[in-house]
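# Report on the structure
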Amino acid sequence: MRPTLTHLALHVPDLDACIAFYQRFCGMQVIHERPGKGTRIVWMAEPGKEHQFIFVIMPGGQDRNLAANDYSHFGFALSSRAEVDHIAAMADQAGCLIWAPRDEPYPVGYYCGLRDPAGNYVEFSFGQPLGPGSEQMPIP
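Predicted, not measured: the structure shown is a model, and the values here were computed from it.

## As for the pairing of strand β7 (residues 109-115)
Along β7, six of the seven residues are buried, which leaves the element largely enclosed by surrounding structure. As paired elements, strand β6 (residues 97-104) and β7 share five bridges and run antiparallel to each other. Residue Arg102 lies in a different strand from β7, and its bridge partner there is Tyr111. Here β7 pairs with strand β8 (residues 121-126) via six bridges, running antiparallel. Counted as the bridge partner of Arg115 is Tyr121 from β8. Between β7 and β8, which pair antiparallel in sequence order, lie five residues; one of them, Gly119, sits at a positive phi of approximately 95 degrees.

## Here's the deal with the nonpolar core
Within the largest apolar cluster, 28 residues are counted, with the highest numbers of intra-cluster contacts made by Tyr22, Phe25, Ile57, Leu114 and Phe124. Taken together, the elements giving at least two residues each to this core come down to β1 (7-12), α1 (15-26), β3 (39-45), β4 (54-59), β5 (74-77), α2 (81-94), β7 and β8. For this core, the element with the most residues is α1, which contributes seven residues. Looking at this core, you find at least three residues from each of domain 1 (1-62) and domain 2 (63-139). If we skip the residues at most four places from it in the chain, Leu114 touches Phe21, Phe25, Ile87, Ala91, Cys96, Leu97, Ile98, Asn120, Tyr121, Val122 and Phe124. Counting residues in each nonpolar core, the second largest holds five residues, with Ile41, Ala45, Val56 and Met58 among its members.

## Here we look at the pattern of salt bridges
Any two side chains of opposite charge can pair, on the condition that their charged atoms come close. Tallying each qualifying case throughout the model produces four salt bridges. One salt bridge in this structure joins Asp16 and Arg40, with 2.7 Å as the shortest N-O distance. Remark: Arg40 occurs in strand β3 and Asp16 occurs in helix α1; sequence separation between them is 24 residues. By relative accessible area, Asp16 is classed as partly exposed at 47%. For Arg40, a relative accessible area of 28% gives the class partly exposed. Beyond isolated ion pairs, a larger network of salt bridges with shared partners links Asp16, Glu33 and Arg40.

## Observations concerning the UniProt feature "domain: VOC" (unreviewed entry) in the protein
Here, UniProt's "domain: VOC" (unreviewed entry) annotation points to residues 4-127. The span residues 4-127 shows a helical share of 21% and a strand share of 42%, and its end C-alpha atoms are spaced 25 Å apart.

The rules behind these values
Position numbers for residues start from 1 in each chain and track the written sequence from start to end. In keeping with the predicted nature of the model, local features appear solely for residues at pLDDT of at least 70, side-chain atom pairs appear and are counted solely at 80 or more, and the whole-chain, interface and lining totals rest on all residues. Here the side-chain values reflect all heavy atoms present in the structure, with hydrogen atoms and water set aside. Only protein chains enter the calculation, and the probe is 1.4 Å; a residue is then buried if its accessible area is under 20% of its type maximum, exposed if over 50%, and partly exposed in between. Helix and strand definitions here come from DSSP, where helices need a minimum of 4 consecutive H or I residues and strands a minimum of 2 consecutive E residues; each element is numbered from the N-terminal end. Any two strands are treated as partners once DSSP identifies two or more bridges connecting them. Side-chain atoms within 4.5 Å are what join buried Ala, Val, Leu, Ile, Met, Phe, Trp, Tyr and Cys residues into a set we call a nonpolar core. Annotation comment: domain bounds sourced from an automatic or database domain assignment. The contact rule is simple, with two residues in contact once any of their heavy atoms fall within 4.5 Å. Definition used for salt bridges: Asp or Glu carboxyl oxygen within 4 Å of a side-chain nitrogen of Lys or Arg. UniProt positions are given in the numbering used here, feature names are shortened, and annotations may be inferred rather than shown by experiment.

The structure is reproduced here in structure tokens:
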């Protein structure tokens, strides 16, 4: 048997701001919430993927303050360049756009980057051999 990646757990400085960010920009939903160690713990997932992969977020973290050239990030696939542009425009209005849309050679594709309220970078991409519909794309 092999292990299966099921979740990512994050301590964040502002739980409610992070919930709102992942709902607005990533379409994730709160699927579970409970008290935990004097605070609350929230599970978030993409609709239909509640049993596959979730974010567990809880208060108590510090702002990550990533450097401009630090490309550590969470990656979300979109179905078109127009969707990348739409997310980038929303993020620009909200003041959280860090990487304007750009094209990179395959397998990177077209992407933009946002900063969540905890300082994590979040990439939205189209054209990568990852995510729904990419099964026929070669992984170099």
